[in-house]
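Listed here are the chains, written in short residue letters.
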Amino acid sequence: NNVSIGANTTIDRATLGATIIAEGTKLDNLIQIGHNVVVGKHTVIAAQAGIAGSTKIGDYVMIGGQVGLAGHIHIPNKTKIGAQSGLAADPKTEGETLLGSPAFEVKQHMKSHIIFRQLPEIYKRIQAIEKKLKD
């Protein structure tokens, strides 16, 4: 049903039940789909993503390259997961955009990244303040 599966993509057969790739879904090259995974309609998954067993992915989901999804989680409809992200728990909101490892909401991720880049300067300032307090 208009499903595309790229080269060297592996889809594990379910032991009990079924592994399902729904209509209109596009899978890039080098993807690992675990046993009993359900991939919803019109979902796209970029290269080198790995989806562990029994994960349920909703409809119209976008998963970037090199994303890793733990097993037994549920990805809501219209969720977007940025490249090289990792998820070990269910996202809570439909249509959310996630980034990072562990992945969280993209705006919060960007703010955290800005602070992270400033850590060396913040550390120097804290050391200076501690020295003044000690003196």
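Above this text sits the structure in question.
What you see is a predicted model, and the numbers here were worked out from it, not measured in a lab.

Novice: I tried to follow the nonpolar core on my own but got confused; where do I start?
Specialist: Proteins that are soluble and globular tend to have nonpolar side chains buried together. I45, I57, I63, L69, I75, I81 and L87 are the most contacted members of the largest nonpolar core, which has 19 residues in total. Residues in contact with I57, not counting those within four places in the same chain, are V38, V39, G40, T43, I51, I63, L69 and I75.

Novice: Got a minute to help me understand the sheet that holds strand 11 (residues 68-69) in this structure?
Specialist: Think of a sheet as strands paired side by side through backbone hydrogen bonds, with each pair either parallel or antiparallel. The sheet built from 5 strands is open, its strands ordered 2-5-8-11-14 with parallel pairing. The strands lining the two open edges of the sheet, one partner per strand, are strand 2 (10-11) and strand 14 (86-87). Here strand 8 (residues 50-51) pairs with strand 11 via 2 bridges, running parallel. Residue pairing across strands places G50 opposite G68, the latter belonging to strand 11.

Novice: In this structure, what is going on with helix 1 (residues 106-134)? I would like to understand it.
Specialist: An α-helix turns once every 3.6 residues. As a result, residues three or four positions apart point the same way. Compared with an ideal rise of 1.5 Å per residue, which puts 29 residues at 42 Å, helix 1 spans 40 Å between its outermost C-alpha atoms and is within 8% of the ideal. Largest kink in helix 1: about 55°, centred on L119, with the proline P120 one to four residues after it. Burial analysis of helix 1 places just 1 of its 29 residues in the buried class, which makes it a mostly uncovered element. The N-cap of helix 1, judged by a side-chain oxygen 3.0 Å from the amide nitrogen of K107 a few residues on, is E105.

Quick notes on the rules
- Residues numbered from 1 in each chain as written.
- Predicted model: local features only at pLDDT ≥ 70, side-chain atom pairs only at ≥ 80, totals over all residues.
- Heavy atoms only, no water.
- Core = buried A, V, L, I, M, F, W, Y, C linked by side-chain atoms within 4.5 Å.
- Buried < 20%, exposed > 50% of the residue type's maximum accessible area, 1.4 Å probe, protein only.
- Contact = heavy atoms within 4.5 Å.
- Pairing = 2+ DSSP bridges.
- Helix = DSSP H or I, 4+ residues; strand = E, 2+ residues; numbered from the N terminus.
- Expected span 1.5 Å × (residues − 1).
- Bend = angle between axes of the 7 residues up to and from the residue.
- Polar contact = N/O pair within 3.5 Å; in protein donor to acceptor, adjacent residues only side chain to side chain.

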